[in-house]
Structure formats: structure tokens, C-alpha cells
Amino acid sequence: APQLLSPSAPSRMKRDRVFEIAKGFRGKAKNCFRVANPKAENALMHQYEDRKRLKRDMRTLWIERINAGAREHGLKYSDFIHGSSLANIQLDRKVLAELAVTEPPAFKEVVDKARAALIAKYAPNGVPQQNDPNQTLLP
């Protein structure tokens, strides 16, 4: 069979792949394979981890924004989320956070529905029950 690649071609391809990743690195990390190879591996590892971290950070930001918006209307975050599940409000945290920031009147409507669902569950006649631990939910 005819040889299509030179014997050094796989090594050259590997080095080229590493240098493509290491483009923009500082010092020898961009052009010396022995330095660039571990730096490129670490870069890929951090890239993978940071994709996961970004999702965590965004969810944390959404929760903070929802909490701030809910507290403006007199509900804690956990009570708001519980009330919205009771009210069968099927908006995710991303959308709720966006509403809290850009559309306060619409977010107030959602908070009011969540509060109404909490009142309906924990105070059936609109009056807190005697030994109800959630009496603080009611305005």
C-alpha cells in the first residue's frame, strides 16, 4: 500500500492542534510544544469547568433577582416559589428574573397570584389558622 503521510505527519498534526489551542498564550506557551501542551490541556479543562460554572452563576443571579423582586412585594423567595408552584405558574427562574427586572407590574401580578395560592392553602377562610407555622406569609 502506498504511504500517504510521512512518518512525522501524526506528530506534526498533534503539535499543530496544540498550537492552535495555545494561540494567544504568553511567552513560550504559544510556540514551545513542551510548554504549550500542558497549558493547552489546562485551558481545555478550565473551558469545560467554566461552561458548567456559567450555568450555576446564572441560576444564582436569577434567584437573587427574583428574591429582590419578591421581597419588594412582601414575600420571601422560598415562599414565592412555593406559592407559584401551588398556583401552577409555570414560568422558569430565567423568565421570572427577567420579569422582576424589566416588567415590575407583571411580576407583581405573579407575586399576587403566588400569595393568593399560599393564603388559599394555609388559611382556607382567609384567616390564619391557630397553629400554622406560616402565619408570617400573610400580609
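Per chain, the residues get numbers from 1 upward, laid out in the order the sequence is written. Owing to the predicted nature of the model, reporting of local features is limited to residues with pLDDT of at least 70; listing and counting of side-chain atom pairs is limited to 80 or more, with chain, interface and lining totals taken over all residues. Excluding hydrogens and water, the side-chain values take into account all heavy atoms of the structure.

**Q** Would you take a moment to explain unusual backbone geometry for this structure?
**A** Even without glycine at this site, asparagine 88 takes up a positive phi of about 60°. The way it works is that DSSP assigns letters per residue, a run of H or I at least four long becomes a helix, a run of E at least two long becomes a strand, and they are numbered from the N terminus. As for its position among the elements, asparagine 88 is in the loop between helix 3 (77-86) and helix 4 (93-102). Using a relative accessible area of 56% as the deciding quantity, one classes asparagine 88 as exposed. Working definition: with a 1.4 Å probe on protein chains only, accessible area under 20% of the residue-type maximum means buried, over 50% means exposed, and in between means partly exposed.

**Q** Please explain the packing of helix 1 (residues 9-21) against helix 2 (residues 33-72) as it appears in this structure.
**A** The packing of two helices is summarised by the inter-axis angle and the distance between the axes. To obtain each axis, a line is fitted to C-alpha atoms, and for helices this fit is confined to the stretch in contact; angles are then taken between N-to-C directions over 0 to 180 degrees. Two elements in contact, helix 1 and helix 2, have axes separated by 9 Å at closest approach and are oriented at 60°. Put simply, helix 1 runs oblique to helix 2. Judged by the twist between their axes, the crossing of helix 1 over helix 2 is left-handed. Contacts from Lys14, Arg15, Val18, Phe19 and Ile21 of helix 1 reach helix 2 at Phe33, Ala36, Asn37, Ala40 and Leu44. Here is the rule for angles: anything less than 35 degrees is roughly parallel, anything more than 145 is roughly antiparallel, 65 through 115 is roughly perpendicular, and the remaining ranges are oblique. Note: crossing handedness is left-handed where the near helix turns anticlockwise from the far helix by less than a right angle, and right-handed where it turns clockwise. Any pair of residues with heavy atoms lying within 4.5 Å of one another is described as a contacting pair.

**Q** Just to check I follow, could you spell out the pattern of salt bridges for this structure?
**A** Side-chain pairing between opposite charges can occur once the charged atoms of the two side chains come close. One speaks of a salt bridge when a side-chain nitrogen belonging to Lys or Arg is within 4 Å of a carboxyl oxygen belonging to Asp or Glu. Inspection of every chain in the model, using the stated rule, returns five salt bridges. Aspartate 50 is the partner of arginine 53 in a salt bridge, and the nearest nitrogen-oxygen pair spans 2.2 Å. Of this pair, arginine 53 and aspartate 50 both sit in helix 2, separated by three residues, roughly a single helical turn. Put simply, arginine 115 and aspartate 112 hold a salt bridge, and the shortest N to O gap is 3.4 Å. Placement of the pair is arginine 115 and aspartate 112 together in helix 5 (residues 104-122), with a separation of three residues, close to one helical turn. With a relative accessible area of 28%, aspartate 112 lands in the partly exposed category. One network of salt bridges, in which partners are shared, links Lys108, Asp112 and Arg115.

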